[in-house]
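Below, each chain spelled out in residue letters.
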Amino acid sequence: MDVVHSFSDLRRIRSSLSSPIGLVPTMGFLHEGHLSLVDLARDQNSSVITTIYVNPTQFGPHEDLEAYPRDIPRDLNLLEERGVDLVWIPNNEDMYPPGFQTWVTVDDVTKPLEGNMRPGHFRGVTTIVAKLFIALQPDKAYFGQKDAQQVVVLRRMVKDLNFPIEIVVAPIIREPDGLAMSSRNVYLNTSERQAATVLSKALKTAEEAFADGNHDADQLRGLVSRIITSESLADLQYVSCADMETLDELTGEISSGLLSLAVYFGKTRLIDNILLGV
Ligand code: AMP
């Protein structure tokens, strides 16, 4: 496994990789959610590239950029075990050279949900992912359903900018008690960690209600929100039941939808979602 930092080293090694090439972009502090993407990429490609980069432009001014957990030596061991060919750990100076002022923005689908709560977040995401795509030119790129809106936004970007790259989406990997794996779970103290199981419980209850014939978007949102607010340590930011492609909020009877939420436990903000009717 090669590990490179600079653009010049990257270009040299990238040109020696055999196609098809699968790319797994990450911010590091890897867990089985990330590694499931790596495994999928390994199965479907001749070469696998993983990037580790805590992208500063996708963090808001009061978010956890400085505190974001990092452990590059551990990440590299895990990636080597999973058969990755190349790890790129870009430098900030390469990604954002002095005077940087060129952005990739996607309009409508970045406005609700995470985009509404985290202004500027998706501009950071689309810009860095576009830069990774241009630098690495993968055949396929792998993203987790955990960040459901990110998938919608990146699919839109790939279509609109004609990137010849297939976006592959992998299911959410969860802890045995249902909590969606996230690098941010390490911020939770013991009681918050216990309380955080309410996210998947609430979504699962709504999924069962949907399967039992309750297809009313407002009732499903209400059900999730009641369960979350019954947990005293949970501070609900939003529950949404939205169209899976436009992310427009749905009301009344639905045949499918993206049920998603964001909840604070202390200072830690967690997101989770399920797809209904797919
Ligand atoms: P991050 O390092 O948080 O930027 O995540 C890198 C990639 O891993 C993104 O495509 C995430 O959606 C994906 N990912 C994060 N957590 C999970 C999870 N629990 N299951 C599946 N994919 C995940």
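Before going into details, it helps to say that this report is about the structure given with it. (Residues numbered from 1 in each chain as written. Predicted model: local features only at pLDDT ≥ 70, side-chain atom pairs only at ≥ 80, totals over all residues. Heavy atoms only, no water.)

Attention shifts here to the site of the ligand. Lining the immediate surroundings of the ligand are 17 residues, of which Met27, His34, Asp147, Ile173 and Met181 lie closest. Histidine 34 is positioned such that a nitrogen or oxygen atom in its side chain is 2.8 Å from an oxygen atom of the ligand. At 2.9 Å from an oxygen atom of the ligand is found a main-chain nitrogen or oxygen belonging to glycine 144. Protein coverage of the free-state accessible area of the ligand, which is 480 Å², stands at 92%. When contributions to the shell around the ligand are tallied by element, the ones reaching two or more residues are strand E2 (21–26), helix H2 (32–44) and strand E5 (140–144). Element by element, the count of residues in the shell around the ligand is highest for H2, at 3 residues. (Near = heavy atom within 4 Å. Polar contact = N/O pair within 3.5 Å; in protein donor to acceptor, adjacent residues only side chain to side chain. Areas by Shrake-Rupley, 256 points an atom, 1.4 Å probe, with all protein chains shown as cover. Helix = DSSP H or I, 4+ residues; strand = E, 2+ residues; numbered from the N terminus.)

Right, let's get into empty space enclosed by the protein. Counting across every chain of the model gives 1 cavity of 30 Å³ or more. The space that makes up the largest cavity amounts to roughly 40 Å³. Lining the largest cavity, in full, are Lys146, Leu179, Ala180, Ser182, Asn185, Leu199, Leu270, Ile271 and Asp272. Tallying contributions element by element places strand E9 (residues 268–276) first for the lining of the largest cavity, with 3 residues. Its residues assigned to classes, the lining of the largest cavity shows 5 nonpolar, 2 polar and 2 charged. (1 Å grid on protein atoms, 1.4 Å probe; cavity = no way out; pocket = protein on both sides within 12 Å on 5 of 7 lines; lining within 4 Å. Points joined across faces, edges and corners; volume = space filled by probe spheres on them. Nonpolar A, V, L, I, M, F, W, Y, C, P; charged D, E, K, R; others polar.)

This part takes up unusual backbone geometry. The omega angle of the peptide bond from serine 19 to proline 20 is 0 degrees, so this bond is cis rather than trans. Within the secondary structure, proline 20 is located in the loop between helix H1 (7–14) and E2. A positive phi angle, close to 50 degrees, is found at leucine 113, a residue other than glycine. Here leucine 113 is to be found in helix H5 (residues 113–117). Notably, glutamine 137 is not glycine yet its phi reads approximately 45 degrees, a positive angle. Of note, glutamine 137 is situated in the loop between helix H6 (121–136) and E5.

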